[in-house]
Amino acid sequence: MTGHILALCGGVGGAKLAFGLARLLPPDRLTIAVNTGDDFEHLGLHVSPDIDTVVYTLARLSDRVRGWGLAGETWAFMSALGRLGGETWFNLGDTDLAMHVLRTQRLRDGETLSRITATLGAALGLSHAIVPMSDQPVRTVMDTDVGRLPFQRYFVGEQCRPVVRAIHFEGAAQASPSDALAQALSRQDLAGVIICPSNPYLSVDPILAVPGVRSALERVAAPIVAVSPIIGGAALKGPAAKLMAELGVTPSATAVARHYQGLLSGLVIDTIDVGETAAIADLGIAVSATDAVMTDDGDRLRLAGETLDLVRALA
Ligand code: GDP
Ligand code: CA
């Protein structure tokens, strides 16, 4: 297959597939557009959790046991912060801090998040394009049974315990896609779009909420293929299944297919869900069933390869 691949990606789940894609495709054939709805200002710092997860994962610096942040991290800053009575609900590791400090400084100097992400990624040896979905602020906000919560208050502060009634992407209407995302969407040689196995509601919907993204995807001639983050009716990690249930959707691969209906031409599901093939095919979506759990680098490469195979088969 020739041509360019655009991947839409959140944090931990998406980054695993993005890692595989980046191993299989040269830098000039892959754009990884990342959710920034999770971004927030904390202790005066601009934190971009999903971008950092993707950057650290591709740079092989992420902590695989904890599931987020840097391997070998230390926490002296957090304990000193706590001693002084500062806010400790959101953990910032000692070495991770450098990323947030530099990003914040450069944003204050007027640089775009796109440019900052590119230069910090390059400094870590990355040559693939990891781009924010937008250079304007879009902030995910949760309507819950305990009131309206900014995303990180819900996700980290409350550990996703509140019951979610609705999700909003504040600022989305005024935002526009980053230049790199807009360019990828309009490339003549776009060979496929891959929606990584990220949380559909919290990681992919914010990207689709940026004006022009969904309509551009609807016009894209190339296949759009997703990898289901729901396996056996559950999320491997995080609140995706809980959230679906709270929003009145039975969590399943079919529900993921339905969520992306109108965009998808193919969905990669786990073999455990192969019984859902007919239901998904009824939505006009081709199915490829495989081991969709990525435990090691081999899995990441294999699943990325199988996802590209489905893109190719649907071209
Ligand atoms: P976050 O931004 O860090 O919360 O991460 P994402 O939104 O990118 O990913 C969260 C989703 O990834 C969850 O719904 C998980 O079920 C899914 N996920 C995590 N690991 C895997 C995996 O190995 N395979 C698949 N198919 N999904 C995964
Ligand atoms: Ca995230």
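Fair warning: this is a prediction, and the values are worked out from it, not measured in the lab. (Residues numbered from 1 in each chain as written. Chains lettered and ligands numbered in written order. Predicted model: local features only at pLDDT ≥ 70, side-chain atom pairs only at ≥ 80, totals over all residues. Heavy atoms only, no water.)

## Some words on the packing of aromatic side chains
Inference 1: One pass over the full model with this rule turns up 5 aromatic pairs.
Inference 2: Between Phe40 and Trp89, the ring centres sit 6.1 Å apart and the planes meet at 50°, which makes this aromatic pair tilted. In this pair, Phe40 sits in strand 3 (residues 40-42) while Trp89 sits in the loop between helix 3 (76-83) and helix 4 (97-108), placing the two residues 49 residues apart along the sequence.
Inference 3: Using a relative accessible area of 14% as the deciding quantity, one classes Phe40 as buried.
Inference 4: Here Trp89 falls in the partly exposed class, since its relative accessible area comes to 21%. (Phe/Tyr/Trp six-rings, centres within 6.5 Å; stacked < 30°, edge-to-face > 60°. Helix = DSSP H or I, 4+ residues; strand = E, 2+ residues; numbered from the N terminus. Buried < 20%, exposed > 50% of the residue type's maximum accessible area, 1.4 Å probe, protein only.)

## So, the nonpolar core
Inference 1: Counting residues in hydrophobic clusters, the biggest one holds 51 residues, and the most contacted among them are Leu6, Leu8, Leu217 and Leu267.
Inference 2: Counting residues per element, this core draws most heavily on helix 8 (residues 200-209), which supplies 5 residues.
Inference 3: Those residues in contact with Leu217 that lie beyond four places of it in its chain are Leu8, Leu185, Val193, Leu208, Ile224 and Leu263.
Inference 4: Counting residues in hydrophobic clusters, the runner-up holds 40 residues, among them Leu113, Ala292, Leu303 and Ala304. (Core = buried A, V, L, I, M, F, W, Y, C linked by side-chain atoms within 4.5 Å. Contact = heavy atoms within 4.5 Å.)

## What about the sheet that holds strand 9 (residues 190-195)?
Inference 1: The strand order 5-2-1-9-10-13-14 describes an open sheet built from 7 strands, whose pairing is parallel. Taken across any chain shown, the strands that pair with only one partner, and hence form the sheet edges, are strand 5 (129-132) and strand 14 (286-290). Averaged over all adjacent pairs, the angle separating strand axes in this sheet is 20°, with direction ignored.
Inference 2: As paired elements, strand 10 (residues 224-227) and strand 13 (residues 266-270) share 3 bridges and run parallel to each other. Looking at strand 13, one finds that Ala226 is bridged to Leu267. (Pairing = 2+ DSSP bridges. Axes fitted to C-alpha atoms, helices over the stretch in contact; angles between N-to-C directions.)

## Quick notes on unusual backbone geometry
Inference 1: The phi angle at Leu43 is positive, at roughly 55°, despite the residue not being glycine.
Inference 2: In this structure, Leu43 sits in the loop between strand 3 and strand 4 (45-47).
Inference 3: With a phi angle near 50°, Gln159 is a residue other than glycine that sits in the positive phi range.
Inference 4: Mapped onto the fold, Gln159 is located in the loop between helix 6 (151-157) and strand 8 (164-170).

## Examining the pairing of strand 1 (residues 4-9)
Inference 1: For strand 1, a buried count of 6 out of 6 residues is recorded, marking the element as mostly surrounded by other parts of the structure.
Inference 2: Burial of the side chains of strand 1 extends over both faces: His4, Leu6 and Leu8 are buried on one face and Ile5, Ala7 and Cys9 on the other.
Inference 3: In the sheet, strand 1 pairs with strand 9 via 5 bridges, with the strands oriented parallel. By the bridge assignment for strand 9, His4 is matched with Leu190.
Inference 4: As defined by bridge partners, strand 1 adjoins strand 2 (residues 30-34) across 5 bridges and the pair is classed as parallel. When the sheet's bridge partners are listed, Cys9 is paired in strand 2 with Val34.
Inference 5: What joins strand 1 to strand 2 is helix 1 (residues 12-24), and the crossover it makes is right-handed. (Right-handed = clockwise from strand over helix to strand, strands pointing away.)

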